[in-house]
Amino acid sequence: MKIISVNVGRPRENPWKRLPATYIDKRPVEGPVRVTSPGPKGDGSVGLEGDRVGDVANHGGTDQAVYVYGSEDYAHFSGLVGREFAPGAFGENLTTTGYDVNAARIGERWAGPGGLVLQVTGARIPCGTFRGWIDERGWLKTFTREARPGPYMRVVSPGHVEAGAELEVVHRPEHEVTAAVFFRAAMGERELIPAILEVPEIPEAEKDFLRWTAKQ
């Protein structure tokens, strides 16, 4: 797959969660951007140099270091709502083309420039900030129904990213739990959860979240 845009957030007020700031307003940047593992969640750090998150309790950290979204999925939603979405509009770090990122399996590894290796850890779960930012009537229901969430990644080996660079799938686990399947389970299809919990590549924090979801 090819990276068509590398996007870094700009701080802005967050009226949707009553937090001091949100960094969902991600804009394309030029040139190579360093990518490293940010460490545990809690201080707002993410993988891309110069970026961070505002909701430090729920976003960022090792298993949400990089968020990826496909241009093909933007085209899908543009067709549904009659509105064009530019790269970074959903708050992703990397906008890609040429690969179905929602069909990526949890634990799948992608190699990129400068020795970079990323690993799929889960999927984006929509929140109030995302709903307010997109500002489309019924947006969370639409996003949930279409199950095109985009995957979160951890940084296995540091490197860099830049527009025009290629990412190569170098490892694909044997199981069938994709980012889309994980998303569907997290968003209400509880019958999927038991099988997902058996997948060793899923981070424990994500398993805990699914266990909590199953009880709701």
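Residues numbered from 1 in each chain as written. Predicted model: local features only at pLDDT ≥ 70, side-chain atom pairs only at ≥ 80, totals over all residues. Heavy atoms only, no water.

Enquirer: Looking at this structure, how should I read the packing of helix H1 (residues 71-81) against helix H3 (residues 139-146)?
Expert: Packed helices, taken two at a time, are described by the angle between their axes plus the distance between the axes. Between H1 and H3, whose axes approach to 12 Å, the crossing angle comes to 130°. Relative to H3, H1 is oriented oblique. The interaxial crossing formed by H1 with H3 has right-handed handedness. Two secondary-structure elements touch here, H1 through His76, Phe77, Leu80 and Val81 and H3 through Trp139, Thr142, Phe143, Arg145 and Glu146. Along the lines of polarity and charge, the residues of the contact of H1 with H3 split into five nonpolar, two polar and two charged. (Axes fitted to C-alpha atoms, helices over the stretch in contact; angles between N-to-C directions. Helix = DSSP H or I, 4+ residues; strand = E, 2+ residues; numbered from the N terminus. Parallel < 35°, antiparallel > 145°, perpendicular 65-115°, else oblique. Left-handed = near helix turned anticlockwise from the far one by under 90°. Contact = heavy atoms within 4.5 Å. Nonpolar A, V, L, I, M, F, W, Y, C, P; charged D, E, K, R; others polar.)

Enquirer: Help me understand the side chain of Ser78 in this model?
Expert: Among the secondary structure elements, Ser78 is positioned in helix H1. What Ser78 contacts, discounting residues up to four positions off in sequence, is Arg83, Glu84 and Phe85.

Enquirer: Help me understand the pattern of salt bridges, please; the structure alone is not making it clear to me.
Expert: In a structure, side chains of opposite charge can pair up when their charged atoms sit close to one another. Counted according to the given criterion, the structure contains 14 salt bridges. Of the charged contacts, one joins Arg154 and Asp63 as a salt bridge, the two residues approaching to 2.7 Å between their closest N and O atoms. Of this pair, Arg154 sits in strand S8 (residues 151-157) while Asp63 sits in the loop between strand S3 (33-35) and strand S4 (66-70), and the two are 91 residues apart along the sequence. Ionic contacts of the salt-bridge type, sharing partners, join the residues Glu204, Lys207, Asp208 and Arg211 into one network. (Salt bridge = Lys/Arg side-chain N within 4 Å of Asp/Glu carboxyl O.)

Enquirer: Just checking my understanding: could you explain unusual backbone geometry for this structure?
Expert: Glycine aside, the phi torsion of most residues is negative, and most peptide linkages are trans. Although it is not a glycine, Arg18 adopts a positive phi angle of roughly 55°. Inspection of the secondary structure puts Arg18 in the loop between strand S1 (2-14) and strand S2 (19-28). Even without being glycine, Ala147 reaches a positive phi, approximately 50°. For Ala147, the position within the fold is in the loop between H3 and S8.

Enquirer: Help me understand the side chain of Thr178 in this model?
Expert: Relative to the helices and strands, Thr178 is located in the loop between strand S10 (168-171) and helix H4 (179-186). A polar contact of 3.1 Å, which involves the side chain of Thr178, links it to the backbone nitrogen of Val181. When residues no more than four places from it in sequence are discounted, the contact partners of Thr178 are Asn102, Ala103, Ala104, Arg105 and Ile106. (Polar contact = N/O pair within 3.5 Å; in protein donor to acceptor, adjacent residues only side chain to side chain.)

Enquirer: Help me out: how do you make sense of the pairing of S8 in this one?
Expert: A regular strand places its side chains on the two faces of the sheet in alternate fashion. In terms of burial, S8 is largely enclosed, as five of its seven residues are buried. In this sheet, S8 lies alongside S4 in antiparallel orientation, the contact comprising two bridges. Bridged to Tyr67 within S8 is Tyr152. With six bridges connecting them, strand S7 (residues 117-123) and S8 associate as antiparallel partners. From the neighbouring strand, Gly122 faces S8, where its bridge partner is Tyr152. (Buried < 20%, exposed > 50% of the residue type's maximum accessible area, 1.4 Å probe, protein only. Pairing = 2+ DSSP bridges.)

Enquirer: Mind showing me how you'd approach the packing of H4 against helix H6 (residues 204-215) here?
Expert: Their axes nearest at 9 Å, the elements H4 and H6 cross at an angle of 40°. By the angle class used here, H4 and H6 are oblique. Of the residues in H6, those in contact with Phe182, Ala185 and Ala186 of H4 are Glu206, Phe209, Leu210 and Thr213. For the contact of H4 with H6, the class distribution of residues is five nonpolar, one polar and one charged.

Enquirer: How do you make sense of the sheet that holds S10 when you look at a structure like this?
Expert: Paired through their backbone hydrogen bonds, the strands of a sheet run either parallel or antiparallel. Reading across the sheet, the eight strands line up as S2-S1-S5-S4-S8-S7-S6-S10 and stay open at both edges, with mixed pairing between neighbours. Either end of the sheet is taken by a strand with one partner, and the two such strands are S2 and S10. Put simply, the sheet's adjacent strands are angled 35° from each other on average, direction ignored. Strand direction decides the pairing type here: strand S6 (residues 109-111) and S10, joined by three bridges, are antiparallel.

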